[in-house]
Amino acid sequence: MKVLIVGGGGREYAIGSALKRDKSVEKIYFAPGNGASDELGENISIGDYGELADFAKKNSIDLTIVGPEAPLVDGIVDIFQERGLLIFGPSAKAAQLEGSKIFMKNFLSRHGIPTAKYIETDSLEKASAFIESLEAPIVVKADGLCGGKGVIIAKSHEEAKESVRRMLSGDSFAEAGKRVVIEEFLDGYELSVFAICDGEDYLLLPAAQDHKRLLDGDEGPNTGGMGAYAPTPLANEEIYRKLEERVVIPTLEGMKEEGMPFSGVLFMGVMVVDGEPLILEYNVRFGDPECEELMPLLKTPAGELFYKAATGRLKELQIEFYDRYAVGVVMASKNYPYSSSPPSEIIVDDIHHEELKNNSYIAYAGVTRMEDGKLYATGGRVLVCVGLGESIEEARERAYMLVGQVHFAGKQCRTDIAYQALENG
Ligand code: AMP
Ligand code: GLY
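What you are looking at is a predicted structure, and each value in this text was computed from that prediction instead of being measured.

1. Considering the pairing of strand 10 (residues 189–198)
The side chains of a regular strand alternate, residue by residue, between the two faces of the sheet. Counted residue by residue, strand 10 has eight buried out of ten residues, so it is predominantly covered. Across ten bridges, strand 10 lies against strand 16 (residues 263–273) in antiparallel orientation. When the bridges of strand 16 are listed, V193 appears paired with M268. Here strand 10 pairs with strand 11 (residues 202–204) via three bridges, running antiparallel. Opposite I196, over in strand 11, you have L203 as the bridge partner. Hairpin connection from strand 10 to strand 11: three residues lie between these consecutive antiparallel strands, with G199 at a positive phi of about 100 degrees.

2. Points about a nonpolar patch on the surface
On the surface, V151, I153 and F185 cluster together to form a nonpolar patch covering roughly 210 Å² of accessible area. Looking at where F185 falls in the secondary structure, it is placed in the loop between strand 9 (180–184) and strand 10. With relative accessibility at 35%, the residue F185 sits in the partly exposed group.

3. Regarding the site of ligand 1
Around ligand 1, 14 residues are found, and the nearest of them are E183, L186, E190, K212 and E281. A distance of 2.9 Å separates an oxygen atom of ligand 1 from a polar side-chain atom of K212. Relative to its free-state accessible area of 470 Å², ligand 1 is covered by the protein chains to the extent of 91%. Of all the elements in the fold, those that place two or more residues in the shell around ligand 1 are strand 7 (138–142), strand 8 (151–154), strand 9 and strand 17 (276–283).

4. Considering the nonpolar core
Core analysis: the biggest nonpolar cluster contains 120 residues, and L19, I76, I196, M268, Y282, F286 and F306 have the highest contact counts within it. With seven residues, helix 9 (residues 237–257) is the single largest residue contributor to this core. Not counting residues up to four positions away in its chain, the partners in contact with I76 are V6, Y49, L52, V66, P71 and I87. The next biggest cluster of nonpolar side chains, apart from the first, holds 17 residues, and it includes F130, V140, C146 and M167.

Analysis parameters
- Residues numbered from 1 in each chain as written.
- Chains lettered and ligands numbered in written order.
- Predicted model: local features only at pLDDT ≥ 70, side-chain atom pairs only at ≥ 80, totals over all residues.
- Heavy atoms only, no water.
- Buried < 20%, exposed > 50% of the residue type's maximum accessible area, 1.4 Å probe, protein only.
- Helix = DSSP H or I, 4+ residues; strand = E, 2+ residues; numbered from the N terminus.
- Pairing = 2+ DSSP bridges.
- Patch = residues over 30% accessible without salt bridge, like charges linked within 9 Å, V, L, I, M, F, W, Y side chains within 5 Å.
- Areas by Shrake-Rupley, 256 points an atom, 1.4 Å probe, with all protein chains shown as cover.
- Salt bridge = Lys/Arg side-chain N within 4 Å of Asp/Glu carboxyl O.
- Near = heavy atom within 4 Å.
- Polar contact = N/O pair within 3.5 Å; in protein donor to acceptor, adjacent residues only side chain to side chain.
- Core = buried A, V, L, I, M, F, W, Y, C linked by side-chain atoms within 4.5 Å.
- Contact = heavy atoms within 4.5 Å.

Function cannot be read off these values alone, since they describe shape.
Right, here's the structure in full:
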């Protein structure tokens, strides 16, 4: 089977690495991929979705897998399907679950799926009145896609109102902020739970936990994610059962009822408050960096899994995972997440330690291969060092051993990934 992966981050690199282990996959293309993904397959630089579909047709691609949200929200799946091409991901309509926070919140409310109390509005007066009815901190969200930056946790009523003012006026997020969601702050712990869906059926993946803040101890600004691990002991059987009954099943039924059956990865951003899982948000794709830890745990051949999901045949599949743990530590460039950093060469020391070699890998993300043939750190999140082990401690130790082998100027990473599991697990 020939597979095309759309995207170029660590998530897509990890999907490519998993496909590489599946003997039925003979060739992988990345559009656009990154400076290291050409070791797994072939990078192609086609940005236009119509042209990409032409490429897929001409090169007899059997399956396209879409990594990031933007192409999904823009309708890449619809374009491919209109041309009779097989693609794994939700339609533009179904991708509104991520593309519009208002759509998502109203959907949750229509289907009685537990979430934070909220209003959606484009009126400063209504927003202010609702803000006054809540206790600080107060959460203000821009409706549209903002590259992960559209959520403000305001410490005071004044700050919340000011955030709303700046969003509605277009100052903060242009069109994406012209309508806002205001919601109560939920105090608990977060999980990332993924369901592979085929419109009808679903398969759940082991729950992961991301670390969104830049600094140790969950301090500093929000980022795209500084590290993750899976499975997390913070999600027990009961939480899984509640998520299936209260969230996954009503979501798939609801989407079908509303004429937009959900096929693709349903990413549930969950906050557990006093043992009860509530939905913070949906995404319609794998999390990054969660995908980098989940892919190596997948025992079922990845090509078969995504192919069955894209053809509506998940029912035929029994998904299997290795009974192990994975911890991933993001290495970011100097000025992340504030501004870009100058390119710097990446040097990875030879790993002589067999145990480390066999139980770890690097998922490359913001890297470019320059004309000198060397790999340079050119993005915010540069790569993820993933360690695997029989326990979270062992996986984490290996991840950090690998971190010690990787060098580039200005590198930064958190030193406490998986701390919540080790404190509470
Ligand atoms: P989102 O993009 O909606 O996941 O929000 C980004 C981050 O903001 C989440 O991962 C949470 O850490 C935080 N967040 C969002 N909504 C809430 C909420 N209602 N209560 C507490 N934290 C929240
Ligand atoms: N890791 C969080 C995200 O991908 O949105």
